[in-house]
Amino acid sequence: MRALARAITLVERRDPAVRELQQALRDRVRPAYVVGFTGAPGTGKSTIVDGLISLLRKQERSVAVIATDPNSPFTGGAILGDRIRMQRHALDPKVFIRSMGARGHLGGLSLAAREAIRLLGAFGFDPVILETVGVGQSELEVAAVADTTVVVLTPNLGDGVQMIKAGILEIADIFVVNKSDLEGHKRVALELRGMLNLSPKAAWRPPIIATAAVRQEGIEELWAAIEAHRKHLETTGRASAQAEKRLKDETAEVVAEVARERARDALGEDSKLSQRLLQDGTPYEVADEILRNHIMNSE
Amino acid sequence: MMATKGAVKPIRIVMGKVGLDGHDRGVKVVARALRDAGYEVIYTGLRQTPEMIVDAALQEDAQVIGLSLHSGAHMTLFPAVVEELKRRKATDIVVFGGGIIPEDDIEALKKQGVEELFTPGTPLQDIVAWLKKRFPEGGST
């Protein structure tokens, strides 16, 4: 277990050793199904995930969770607190929970998360649950990595207008209205349904599941919906198309990561480049030169 | 080949309260101060067993465990965490603690492998300064 934990640290640090590790594990990798959870702070994502872990463990499945929280943009520090809700699974060797700071690195969370998911899959964890606070763009990254994206809402988050502007309608494969023991949850579901009815007809229509996660209510229905979505992806051939697109996206990100690093090195080391940059006042010519001399011509 | 220079290597600290003790104001204040100092704090919450804390530290690949305890059971529970680390062959993980701990107990706990102890009234900067000294290579980005 410690080997896996260490490997994930290397992935998070974007350590060069990761490359060799991933190559070595390539034949072992059985891609895990990835379920993403996102939603505003306090909507109950971690509690729902905790309920799902219990359900999956009854089915004898190994499950891993990557729970992300933001890092401070100023100090880089973070308080990662999603584990608290899942601590009852702490001593179960078939449950692996890892907290990840979003770290604010430019490649974003997705590159580190993708590689961590691959590692967890190689160690036999399936499914992998990816949890992210939806406070900006991180929910889009979840949607880019997850096979099924679950958006969690609760009563009292504001009226239907909030739902249009938050952009959550497009990324959700499944909606959960949690805290269904609270007043107002029916109205949330109603408004959501109204919004979805305005969307163009699609092959998959996101279901709305009511849960009261603290009481473990609705969790089985949620898992059934996730399974149904998975089947939909497989039967329509969208699964393989998605896999191909993601591999391409990831490759582009890896290229961008290497290029960005070389460009920073070049700008840091070559004072002539900085001088020209200041003279030009625009980045394009210098960027072309860096691409020519430092990226395309190097090994 | 892959990027390394921009890489961040924050120190990861698992914090939690062991035993039957609901007084979590202190541990939350310390967690917040460590976050502000650039550490990644994984907070595991109340009523943890030594096994749970150690398991969390292993999964999270933390370098440090920070324990908080105000119930008077520190002479039992703090060394139990150190013992569990030995059992799991993870003695490289540093343990520190805080709470209402009499001075006589502090020396005894240090002998048993708890590296540092902080009592009520300790300025937060002292805790940060100790961590910075203990892990000069990591911390803020």
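This structure is a prediction, so every number in the text was calculated from the model and none was measured. (Residues numbered from 1 in each chain as written. Chains lettered and ligands numbered in written order. Predicted model: local features only at pLDDT ≥ 70, side-chain atom pairs only at ≥ 80, totals over all residues. Heavy atoms only, no water.)

Engineer: Lay out the side chain of Thr9(A) with the relevant residues and their values.
Structural biologist: By the element assignment, Thr9(A) lies in helix H1 (residues 2–13). Exposure remark for Thr9(A): the relative accessible area of 9% places this residue in the buried category. Beyond its immediate sequence surroundings of up to four residues, Thr9(A) is in contact with Arg98(A) and Asp61(B). (Helix = DSSP H or I, 4+ residues; strand = E, 2+ residues; numbered from the N terminus. Buried < 20%, exposed > 50% of the residue type's maximum accessible area, 1.4 Å probe, protein only. Contact = heavy atoms within 4.5 Å.)

Engineer: Lay out the sheet that holds strand S2 (residues 63–69) of chain A with the relevant residues and their values.
Structural biologist: All names here are of chain A. Taken in spatial order, the 7 strands make up an open sheet running S4-S2-S5-S1-S6-S7-S8, and their pairing is parallel. Each edge of the open sheet is held by one strand with a lone partner, namely strand S4 (95–101) and strand S8 (208–210). The mean inter-strand angle of the sheet, taken between neighbouring strand axes irrespective of direction, is 20°. Across 4 bridges, strand S6 (residues 148–153) lies against strand S7 (residues 174–177) in parallel orientation. Residue pairing in the sheet places Val151 in a bridge with Phe175 of S7. Contacting strand S1 (34–39), S2, S4, strand S5 (128–133), S6 and S7, helix H3 (residues 45–58) crosses the sheet at an angle of about 170° to S5. Sheet contacts for helix H4 (residues 109–122): S1, S2, S4 and S5; angle to S2, the most-contacted strand, approximately 165°. (Pairing = 2+ DSSP bridges. Axes fitted to C-alpha atoms, helices over the stretch in contact; angles between N-to-C directions.)

Engineer: Describe the interface of chain A and chain B, and please don't skip the residues or the numbers.
Structural biologist: Interface size is commonly expressed as the accessible surface area that is lost when the partners come together. Taken together, the 37 residues of chain A in the interface contact 40 residues of chain B. Summed over both partners, the interface of chain A with chain B buries about 3,500 Å², with 53% contributed by carbon and sulfur atoms. Contact with chain B buries surface across chain A, with Arg2(A), Arg13(A) and Ile79(A) losing the most and accounting together for 18% of the total. There are 6 salt bridges connecting chain A and chain B. Between Asp61(B) and Arg6(A) there is a salt bridge, with its nearest N and O atoms 3.2 Å apart. Run the count over chain A and chain B and you get 18 residue pairs in polar contact (both at pLDDT 80 or more). Counting only elements with at least two residues in the side of chain A that touches chain B, the list comes to H1, strand S3 (78–80), S4 and helix H10 (238–269) of chain A. Residue classes in the side of chain A that touches chain B are distributed as 13 nonpolar, 9 polar and 15 charged. Sheet topology note: the S3(A)/strand S2 (residues 40–43) of chain B ladder contains 3 bridges and is parallel. (Buried area = accessible area lost by both parts, 1.4 Å probe. Salt bridge = Lys/Arg side-chain N within 4 Å of Asp/Glu carboxyl O. Polar contact = N/O pair within 3.5 Å; in protein donor to acceptor, adjacent residues only side chain to side chain. Nonpolar A, V, L, I, M, F, W, Y, C, P; charged D, E, K, R; others polar.)

Engineer: Report on the pattern of salt bridges, specifying residues and quantitative values.
Structural biologist: This model, assessed by the stated rule, comprises 31 salt bridges over all chains. Salt bridges linked by common partners bring Glu12(A), Arg83(A), Arg98(A), Arg12(B), Glu40(B) and Glu60(B) together as one network.

Engineer: Any details on the pairing of S2(A)? Residues and values, ideally.
Structural biologist: All names here are of chain A. Judged by how many residues are buried, S2 sits mostly within the fold: 7 of 7 residues are covered. Going residue by residue along S2, you find Val63, Val65, Ala67 and Asp69 tucked away on one face and Ala64, Ile66 and Thr68 tucked away on the opposite face as well. Note: S2 against S5, 5 bridges, orientation parallel. Considered in S5, the bridge of Val65 is made with Ile129.

Engineer: How would you explain the sheet that holds strand S1 (residues 12–17) of chain B if you had to name every residue and give the values?
Structural biologist: The parallel open sheet is built from 6 strands, whose spatial order is S3(A)-S2(B)-S1(B)-S3(B)-S4(B)-S5(B). Strands with a single pairing partner mark the edges of an open sheet, and in this sheet they are S3 of chain A together with strand S5 (116–118) of chain B. Sheet twist, expressed as the average angle between the axes of neighbouring strands with direction ignored, equals 25°. Each of strand S3 (64–69), strand S4 (94–99) and S5 of chain B is contacted by helix H3 (residues 74–87) of chain B, which is oriented at about 160° to S3(B), the strand it contacts most.

Engineer: Can you break down the nonpolar core residue by residue, with the values?
Structural biologist: Residue and element names in this part refer to chain A. Of all hydrophobic cores here, the largest spans 28 residues; its most connected members are Phe37, Ile48, Leu52, Val65, Val150, Leu222 and Ile226. Residue assignment for this core shows that the elements contributing at least two residues are S1, H3, S2, S4, S6, S7 and helix H9 (219–235). Apart from the residues lying within four places of it in its own chain, the contact partners of Leu52 are Phe37, Ile129, Ile219, Leu222, Trp223 and Ile226. (Core = buried A, V, L, I, M, F, W, Y, C linked by side-chain atoms within 4.5 Å.)

Engineer: Go over the domain arrangement of chain A with me, naming the residues and quoting the values.
Structural biologist: Residues and elements named next belong to chain A. Under the domain assignment used here, chain A contains domain 1 (2–236) and domain 2 (249–296). Distance from the C-alpha centre of domain 1 to the C-alpha centre of domain 2: 35 Å. Of the residues lining the interface, 8 residues belong to domain 1; the matching set on domain 2 comes to 7 residues. Summing both partners gives a buried area of about 660 Å² for domain 1 against domain 2, and 40% of it is carried by carbon and sulfur. At the boundary of domain 1 and domain 2, one finds 2 residue pairs in polar contact (both at pLDDT 80 or more). (Domains from an automatic or database assignment.)

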